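Here are the chains, one letter per residue:
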Amino acid sequence: MIQLLLLTALLVAPADGAPASDALAKRVSVLVKQLDAQQLGDRDRAERELEAMGSEILPLLPPIGDRTSAEAAQRLTRLRQVLMRAQAKSAAEPTHVTLHGKDLPLADVLAEISKQTGNPITDHRAAFGQQADAHQVDVDFDKTPFWKALDEVLDQAGLTLYGFTSEPGLFVINRSPGAAPRTAKASYAGVFRLEPVRFEAQRDLKNIEQGGLRLFIEVSWEPRLQPFSILQPLSEIKASGNTGEAIAAASQQAEPETLIRRGFSTAELDVPFVLPPRGTSSVHRLTGKMIALVPGPLEEFRFEELPMAKRVARPKAITMRKAGTSLTLDGVRINNEIWEASLRIRFEAPTAALESHRGWMLENQAYFLDIDGKQHDSGGLEQTLQSKEEIGLNYFFDLPAAPDNMTFVYRTPLMVLEIPVEYELLNLPLP
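Right, let's walk through the structure included here. (Residues numbered from 1 in each chain as written. Predicted model: local features only at pLDDT ≥ 70, side-chain atom pairs only at ≥ 80, totals over all residues. Heavy atoms only, no water.)

### Some remarks on the sheet that holds strand β21 (residues 375-377)
Argument step 1. On the basis of which strands lie adjacent, the open sheet formed by 4 strands has the order β16-β24-β20-β21 and antiparallel pairing. Here the strands that pair on one side only, and so sit at the sheet edges, are β16 (298-303) and β21. In this sheet, adjacent strand axes meet at a mean angle of 25° when their direction is disregarded.
Argument step 2. Sheet topology note: the β16/strand β24 (residues 407-413) ladder contains 6 bridges and is antiparallel. (Pairing = 2+ DSSP bridges. Helix = DSSP H or I, 4+ residues; strand = E, 2+ residues; numbered from the N terminus. Axes fitted to C-alpha atoms, helices over the stretch in contact; angles between N-to-C directions.)

### A few points about the sheet that holds strand β8 (residues 192-202)
Argument step 1. Spatially, β7-β8-β9-β14 is the arrangement adopted by the 4 strands of the open sheet, whose pairing is antiparallel. Both edges of this open sheet fall to β7 (187-189) and β14 (266-273), since each of them pairs with a single strand only. Averaged over neighbouring strand pairs, the angle between their axes works out to 30° when direction is ignored.

### Some details on the side chain of T407
Argument step 1. Along the chain, the position of T407 falls in strand β24.
Argument step 2. The class of T407 is buried, set by a relative accessible area of 13%.
Argument step 3. Not counting residues within four places of it along the chain, the set of residues in contact with T407 comprises R302, F303, E304, Y367, F368 and L369. (Buried < 20%, exposed > 50% of the residue type's maximum accessible area, 1.4 Å probe, protein only. Contact = heavy atoms within 4.5 Å.)

### Comments concerning helix α2 (residues 40-53)
In an α-helix there are 3.6 residues to a turn, and that puts residues three or four apart on one side.
Argument step 1. Compared with an ideal rise of 1.5 Å per residue, which puts 14 residues at 20 Å, α2 spans 20 Å between its outermost C-alpha atoms and is within 8% of the ideal.
Argument step 2. What α2 keeps buried is the set R43, A46, E47 and L50. Buried residues of α2 fall within an arc of 95° about the axis and therefore sit on the same side. Away from its buried face by more than 90 degrees, α2 exposes R48 and A52. (Expected span 1.5 Å × (residues − 1). Arc of directions from axis to C-beta.)

### Brief notes about the nonpolar core
Argument step 1. F192, L194, I217, V219, F273 and M290 are the most contacted members of the largest nonpolar core, which has 36 residues in total.
Argument step 2. Counting residues per element, the ones that place at least two in this core are β8, β9 (212-221), β14, β15 (282-295) and β25 (416-429).
Argument step 3. No other element matches the 6 residues that β25 contributes to this core.
Argument step 4. In this view, F192 contacts W147, S187, V219, S220, W221, P227, M290, A292, I419 and V421; residues no more than four positions away in its chain are not counted.
Argument step 5. Within the second largest apolar cluster, 31 residues are counted, among which are L306, W339, L343 and L399. (Core = buried A, V, L, I, M, F, W, Y, C linked by side-chain atoms within 4.5 Å.)

### What to know about the packing of aromatic side chains
Argument step 1. Counting across every chain of the model gives 9 aromatic pairs.
Argument step 2. Taking the centre distance of 4.7 Å and the plane angle of 75° together, the rings of F368 and F397 count as edge-to-face. With a gap of 29 residues between them, F368 in strand β20 (residues 365-369) and F397 in strand β23 (residues 390-397) connect regions that are remote in the sequence. Note on accessibility: F368 and F397 belong to one class, buried.
Argument step 3. Centre to centre, the rings of F397 and F408 are 6.2 Å apart; their planes meet at 85°, and the pair counts as edge-to-face. Placement of F397 in strand β23 and of F408 in strand β24 is noted, with a sequence separation of 11 residues between them.
Argument step 4. Taking relative accessible area as the criterion, F408 reaches 0% and is therefore assigned buried. (Phe/Tyr/Trp six-rings, centres within 6.5 Å; stacked < 30°, edge-to-face > 60°.)

### Quick notes on the packing of helix α4 (residues 106-117) against helix α5 (residues 146-157)
Argument step 1. Remark: α4 packs on α5, axes separated minimally by 11 Å, with the N-to-C direction vectors making an angle of 170°. In terms of axis orientation, α4 runs roughly antiparallel to α5. Two secondary-structure elements touch here, α4 through L106, V109, L110, I113 and T117 and α5 through F146, L150, V153 and A157.
Argument step 2. Class assignment for the residues of the contact of α4 with α5 results in 8 nonpolar, 1 polar and no charged. (Parallel < 35°, antiparallel > 145°, perpendicular 65-115°, else oblique. Nonpolar A, V, L, I, M, F, W, Y, C, P; charged D, E, K, R; others polar.)

Structure (structure tokens):
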């Protein structure tokens, strides 16, 4: 079950890979106008037809502005939400690989896996100072989940992944001597791959209640998604030893959180346990459920008219709304030769989870486009307010001229997916 906290549009090309046709764009435009038709039946029919077109039309739906009627705004918001729910659910499903052949060049196989799944894969061996030997592999994949297919290919070539480059994608390196094959202990759960990496045990000789056992689990995900946080409710952990006894997770009410830096494709979970009896030599079976918080695809807000503060002390703010979220550009002003753009983002139906996980919004992109199409990026920002429903941000720009004839663009996810990930790990030897 995927819980949608906020919603945004995901730009998806039509099935033939071509951009949305002019005919489709014109038809969408006509139907959008009919959302405000005089007859209720005409309004209902237009909304149903737009919904039947599917998520392909999301980039063609207009933002809700001050001039949008209440009726059209309500229907556009509802339409976006219906289309986005279905799209967001499919976006969280694992991708698959279909590929067959013997003695295929490794580079070609990795390129094809990347092409089929949308997950960038880079040979990183040269950057590591490693010998980048050419390999040939045999593949027989028929709608095989991405992680299982990739692990099998990397094992054949004696390779693995390095997940801490701060760049998006997966980076292939040589597997170190003595390292186990990737398929040996991996657990696959949708778009996620989990692998236990080590146990750490501590026994306090002064206080027997202070001892403990910690399991570290490496979690990776398809890089087309980028979680910003992983929560591990310890109440969801169940483990048993080789003799059948239960091994309890410590602090059952706790929910440790692992924050993830942008660009990383791997994180390490730390799961604490009560130290088991000495006769327990392994964890026979461990099941768990973690929650991955994933921001949705980017939505773009474009302000072609700017509330310039140099003309009036308090310019009239401009507001755009999409899918239950409003973005207000309060003003653009100069301050000691640096231009400031003041924004407020308001959520109409915020949740407690979203309220406590807004750090990812500070990495959103804001820029000006001049009349020649040149992009002028922000040189910094400051947060000006935060409440349950709203966050305020000031972006700073060093511009060559006043932005009177420029367009201000702000790109942000307006959706957070809560993806529950159930996993199982077997036969883990204890220290």
